[in-house]
Amino acid sequence: MPGNEQNIPLRAEVAANDTWDLTKLFKDDNEWNKALAEFEKTSEKIPLFRGTLGKSAESLAAYLDFSRDLNILAERLVIYAYLKQTEDEGGSIARTMLGKITMAGAKAQAAAAWDRPEILAIPDKSMNSFLADDRFREYRIYLQKIVRYRPHILSDMEEKIISQYSENEGALSDVFSVLTNVDFNFGFIETKDGKRPLSQSTFSVFMENDDREIRRQAYNMFYGCYDAHKTAIAGLYSGSVKQDAINARIRGFSSARQAALFPDNVNETVYDNLVSAVSGKLIFLHRYYALRKRALKLQELRHYDVYAALVPNVKKITKWNEAVDLISGALSPLGDEYVSVLRNGLLGRWADRYENKGKRSGAFSYGGYTGDPHILMNYKNDSIRDIFTLAHEGGHSMHSWYSSRNNPFMHYNYTIFEAEVASTFNEELLFSYLLKSTDSKEMRLYLVNKRTDELLGTLYRQTMFAEYEKITHELEEGGTPLTVDILRAEYRRLLEKYFGPEMIFEETSDLEGLRIPHFYRSFYVYKYSTGVSAALALAQRVLSGGAKERDDYFTFLKSGGSRFPIDSLKAAGVDMNSPEPINAACDTFGNLVEELEKLL
């Protein structure tokens, strides 16, 4: 039965109606294998186009048509194999299929490595003539985005040398992951249920434990392990920052941050506005931690107290169909089409609903150009959080649904910058809907506390991380070596700034800066903070507005990759070049803290 962890079924025992339908991608594995053979055979023709792209509009259009069709097929092959693998991670058939298309795709990508440099070599006059030709209508934006890179492309020989080194770019991140996830031995914690292993995955569970002594032990043992390896990990992160700076200089960017923001055409002032606006609203965060100290009845608030539950979890049985009803009601301001499409998808077979043995944990949405979006869930009937997760993933799926139906393939896909807006928007509408419809103080307290913690994590915490990345890269680019002592000092300063006067830190607390894997993908985390700020602003705009505000939001959903993210959000009615959406999101957090104080 769904939600009963004592009886997890095998994949073969799950009812078909509770699983996703992949037949719009491929009828079965045999059809997939035939399509893979077709992909491999077709990709052998890639070299035939080399040297032709700049000759005429006809030759360039012919290659783009060929590339489009090949990539549509590749996407279908990847999605089908990946989704099949997540159904049972231990199964060898789907894993082999995914391995085959991954290898075939890499081979095709290597064979086409010449195409972008060849497009960039087309003279401006010729390219402008091509772009004006009607046959390039579905490729115009794609080509314009490529041409933007022209000032940052080097000679053929230099590009070849760089490409040889690019294979090793993820090495530092890989070493960090292996070291902290495999080689580290954090030990065991004695609990009322016996000894339990401390690991990267269980650390958060221990930090939520009601027993403060268990939290303290887990915290000290966890960071004690980092303390024993701090110099090595600092060296890995320092090397990653140095690599970012070198790559930026080679490409002619003024900084690593400018290079990281260039693909999305985001001005560095957006980043600075985020840090500045959140820094100016830290009083709300400090007020929250003071409330946490009082609510937990603590003499001293320690770093290991920040995740302990403030309120008891509310138990409420909500079956899948009932959850879909709630979500449909919450999203009704978006109109009949949005609600009916999502509702039919969730009640139909967009989603793989429940846990089975071997199935991947967690949840995700995977949308493609062909067929329907697909949602992986491990839905529990007694988890209110899972209703929010379903609304969240439904937001991603509808974003993909509108993007793929309103754009040609070459620019239907939206950026990560935009992705979290549509999903968080749905969560905000669901939160508002449930809050208005409940008469239970217990439920209201649970909802407000849940929303407060989520906003803290995405708005404040990710901004602190973003500020740290800005500082470390500026130090490196200014000639200051990133030693372990400097990294710890800078991170401790930020801890004290963000957590405020109520928090008492341990000697090892600043080692947290050495354990964040996102730091090896530089200047990425700021997108979480800007995304949630945009989502809150748009949700409020739609809820308090009328047809125009709703239509503006659909302009964003339908944009796909046809606009840069700042432009698509501006079309929806929120200007992320301004600090106002950030300020408003912080004010929302402040209002939630005030409500939480009253309820507690």
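Scroll up for the structure.
Please read these numbers as outputs of a predicted model, since none were measured by experiment.

Visitor: Break down the side chain of glutamate 418 for me, citing the residues and quoting the values.
Guide: Tracing the backbone shows glutamate 418 in helix α18 (residues 416-437). Here glutamate 418 sits buried without a salt bridge, and the closest side chain of opposite charge, lysine 145, lies 7.1 Å off (N-O distance). Ignoring any residue separated from it by four or fewer positions in sequence, one finds glutamate 418 in contact with His399, Phe556, Gly560, Pro565 and Ser568.

Visitor: Tell me about the sheet that holds strand β4 (residues 351-352), and name the residues and values.
Guide: The sheet built from three strands is open, its strands ordered β4-β6-β5 with mixed pairing. In this open sheet, the two edge strands, each paired with only one partner strand, are β4 and β5 (364-366). Strand direction decides the pairing type here: β5 and strand β6 (residues 374-376), joined by three bridges, are antiparallel. Bridging from a neighbouring strand, tyrosine 366 pairs with histidine 374 of β6. Helix α2 (residues 57-87) rests against β5 and β6 of the sheet, and its axis sits at about 155° to β5.

Visitor: Account for the pattern of salt bridges, with residues named and values stated.
Guide: With the rule as written, the count across this model stands at 42 salt bridges. A salt bridge links lysine 359 to aspartate 352; the nearest nitrogen and oxygen atoms lie 2.8 Å apart. You'll find lysine 359 and aspartate 352 in the same group, each marked buried. Beyond isolated ion pairs, a larger network of salt bridges with shared partners links Arg11, Glu87, Asp352 and Lys359.

Visitor: Pulling in residues and values, what's your account of a nonpolar patch on the surface?
Guide: A surface patch of nonpolar side chains, about 370 Å² in accessible area, is lined by Met157, Ile161 and Tyr165. Assignment of secondary structure puts isoleucine 161 in helix α7 (residues 156-166).

Visitor: Residues and numbers for unusual backbone geometry, please.
Guide: With phi around 55°, asparagine 265 is a residue other than glycine that occupies positive phi space. For asparagine 265, a relative accessible area of 37% corresponds to the partly exposed category. The backbone of phenylalanine 523 sits at a positive phi, close to 55°, despite the residue not being glycine. Its location among the elements puts phenylalanine 523 in the loop between β7 (503-504) and α21 (526-544).

Visitor: How would you sum up helix α17 (residues 384-405)? Please name residues and give values.
Guide: The end-to-end C-alpha separation of α17 is 32 Å, in line with the 32 Å expected for 22 residues at 1.5 Å each. Extensive coverage of α17 is indicated by the burial of 19 of its 22 residues.

Visitor: A description of the pairing of strand β2 (residues 194-197) should follow, citing residues and the corresponding values.
Guide: Bridging between strand β1 (residues 188-191) and β2 involves four bridges; their strand directions are antiparallel. Paired with threonine 191 across the two strands is glycine 194, which belongs to β2.

Conventions and cut-offs
Residues numbered from 1 in each chain as written. Predicted model: local features only at pLDDT ≥ 70, side-chain atom pairs only at ≥ 80, totals over all residues. Heavy atoms only, no water. Helix = DSSP H or I, 4+ residues; strand = E, 2+ residues; numbered from the N terminus. Buried < 20%, exposed > 50% of the residue type's maximum accessible area, 1.4 Å probe, protein only. Lys, Arg positive; Asp, Glu negative; His and termini not counted. Salt bridge = Lys/Arg side-chain N within 4 Å of Asp/Glu carboxyl O. Contact = heavy atoms within 4.5 Å. Pairing = 2+ DSSP bridges. Axes fitted to C-alpha atoms, helices over the stretch in contact; angles between N-to-C directions. Patch = residues over 30% accessible without salt bridge, like charges linked within 9 Å, V, L, I, M, F, W, Y side chains within 5 Å. Areas by Shrake-Rupley, 256 points an atom, 1.4 Å probe, with all protein chains shown as cover. Expected span 1.5 Å × (residues − 1).

Without other data, these values stay purely geometric and don't point to any function.
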